[in-house]
Amino acid sequence: LITPFNFPMAIPSWKLIPALVCGNTVVIKSGEDVPLSTINLVKACEKAGIPKGVVNVVNGFGEAGAALVGHKDVRLISFTGSTTTGAMIAKQCGRENKIVSLEMGGKNAIIVMDDADIDNAVEGSLWGAFGTSGQRCTASSRLVVHKKIYKKFCAKLVEKVKTLRVGNGLDPKTEVGPVIHEEAMQKILGYIHIGEKIDKATLACGGNRLTKGEYAKGWFIEPTVFTDVKPGMRIAQEEIFGPVT
């Protein structure tokens with residue numbers, strides 16, 4: 001079970017439970033940025049009475065995952081992560097006739113028709129795009145809105161986005177936390193630059209790193225909305241994996 005950083009308890013659990021119910025032993029390779037969550041999950045399993053050796057954990061970078069995928073005693077790989085890594089795993093499993101299940105990147109759309117309740121649609125789009133700081137393959141990073149209500153929808157969305165509270169993820173008042181690390185932040189800021197300067201979309205709000213006061217020691221990005229986006233633009237085609245819609 002190879003899992004990413006963004007849901008370090010939930011995704012291993014989703015994979016683990018059916019595997020155990022079907023009588024398997026498992027090895028979890030957690031996201032390298034969140035190793036303690038998975039270790040605590042395995043400890044909880046042992047505390048609950050699952051025998052040692054039934055649920056196992058391996059921490060490490062890509063080499064650890066590659067070793068698991070290539071190991072002769074591993075018959076099934078369940079992977080959640082990037083499309084690039086998933087394609088490599090699929091290729092290897094195909095050569096070795098292993099069972100493989102892949103959940104990879106996405107560029108999901110919420111479609112808002114002209115008869116929609118605009119306030120409800122804005123609320124759904126808001127949390128679809130900015131929940132977990134947009135760091136999930138199911139984030140609604142595209143909003144396809146009927147031209148009859150486009151301007152009204154955009155105005156309401158931008159108004160709401162500007163009120164979102166960005167802060168420490170451990171603070172109950174926080175609505176948008178930081179992104180996982182500096183590399184992710186730079187990638188997201190790079191896409192914001194592409195959207196504004198190369199794609200020439202309209203930056204309706206956000207677009208900056210927050211650095212003052214409580215934000216000085218973290219990777220915080222303002223919730224960002226682009227409008228006037230055409231389907232062929234890179235920001236409409238490629239997964240940004242951050243608080244941008």
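Refer to the structure printed above.
Because the structure is a prediction, the values reported are computed rather than measured.

1. As for the overall build of the protein
So, point 1. Check the secondary structure of the protein and you find eight helices and ten strands.
So, point 2. Overall, the protein is about 55 × 40 × 35 Å in size when its C-alpha atoms are taken along their principal axes.
So, point 3. Residue burial in the protein is summarised as follows: out of 245 residues, 42% are buried.
So, point 4. Restricting the contact set of the protein to residue pairs at least 6 apart, pairs at least 24 apart contribute 66%.
So, point 5. Of the roughly 13,600 Å² that the protein leaves accessible, carbon and sulfur atoms contribute 57%.

2. Points about the nonpolar core
Nonpolar side chains in soluble globular proteins tend to be buried together.
So, point 1. Counting 21 residues, the largest nonpolar core has Phe130, Phe153, Leu157, Val161 and Val225 as the members making the most contacts within it.
So, point 2. The element contributing the most residues to this core is helix H5 (residues 118–130), with six residues.
So, point 3. Apart from the residues within four sequence positions on either side, Val225 is in contact with Phe130, Leu157, Val158, Val161, Thr202, Leu203, Ala204, Cys205 and Thr245.
So, point 4. Listed in part, the 14 residues of the second largest apolar core include Met185, Tyr191, Ile194 and Met233.

3. Some thoughts on helix H1 (residues 10–21)
So, point 1. In this model, H1 (twelve residues) spans 17 Å end to end at C-alpha, consistent with the 16 Å of a helix rising 1.5 Å per residue.
So, point 2. Restricting attention to buried positions, one finds in H1 the residues Ile11, Pro12, Ser13, Lys15, Leu16 and Ala19.
So, point 3. For H1, the elements touching its buried residues are strand E1 (26–29), helix H2 (35–47), strand E2 (55–58) and strand E3 (76–80).
So, point 4. Positive phi shows up at Gly23, right after H1, with a value of about 90 degrees.

4. Concerning helix H4 (residues 83–96)
So, point 1. Here H4 spans 20 Å end to end across 14 residues, near enough to the 20 Å set by a 1.5 Å rise per residue.
So, point 2. Along H4, the residues that are buried comprise Gly86, Ile89, Gln92 and Cys93. Within H4, the buried residues cover an arc of 130 degrees as seen down the axis, which keeps them to one side. Among the exposed residues of H4, those pointing more than 90 degrees away from its buried face are Thr84, Met88, Lys91, Gly94 and Arg95.

5. Topic: the packing of aromatic side chains
Each aromatic ring pair is characterised by the separation of its centres together with the angle its planes make.
So, point 1. Within the structure shown, the criterion is met by two aromatic pairs.
So, point 2. Note on Tyr215 and Phe220: the rings are 5.1 Å apart at their centroids and 65 degrees apart in plane angle, and the pair reads as edge-to-face. The same class applies to Tyr215 as to Phe220, namely buried.

6. Considerations on the packing of H1 against H2
The relative placement of two packed helices is expressed as an angle between their axes plus a distance between the axes.
So, point 1. Contact geometry of H1 with H2 gives a least axis separation of 10 Å together with a crossing angle of 40 degrees. Seen along the crossing, H1 lies across H2 with a hand that is right-handed. Mapping the contact onto sequence places Pro12, Ser13 and Leu16 in H1 and Thr38, Leu41 and Cys45 in H2.

7. Overview of the environment of Val54
So, point 1. Along the chain, Val54 turns up in the loop between H2 and E2.
So, point 2. The residues contacting Val54, other than those within four sequence positions of it, are Leu20, Asn24, Thr25 and Val26.

Basis of the calculations
- Residues numbered from 1 in each chain as written.
- Predicted model: local features only at pLDDT ≥ 70, side-chain atom pairs only at ≥ 80, totals over all residues.
- Heavy atoms only, no water.
- Helix = DSSP H or I, 4+ residues; strand = E, 2+ residues; numbered from the N terminus.
- Buried < 20%, exposed > 50% of the residue type's maximum accessible area, 1.4 Å probe, protein only.
- Contact = heavy atoms within 4.5 Å.
- Areas by Shrake-Rupley, 256 points an atom, 1.4 Å probe, with all protein chains shown as cover.
- Core = buried A, V, L, I, M, F, W, Y, C linked by side-chain atoms within 4.5 Å.
- Expected span 1.5 Å × (residues − 1).
- Arc of directions from axis to C-beta.
- Phe/Tyr/Trp six-rings, centres within 6.5 Å; stacked < 30°, edge-to-face > 60°.
- Axes fitted to C-alpha atoms, helices over the stretch in contact; angles between N-to-C directions.
- Left-handed = near helix turned anticlockwise from the far one by under 90°.

By themselves these figures say nothing about function.
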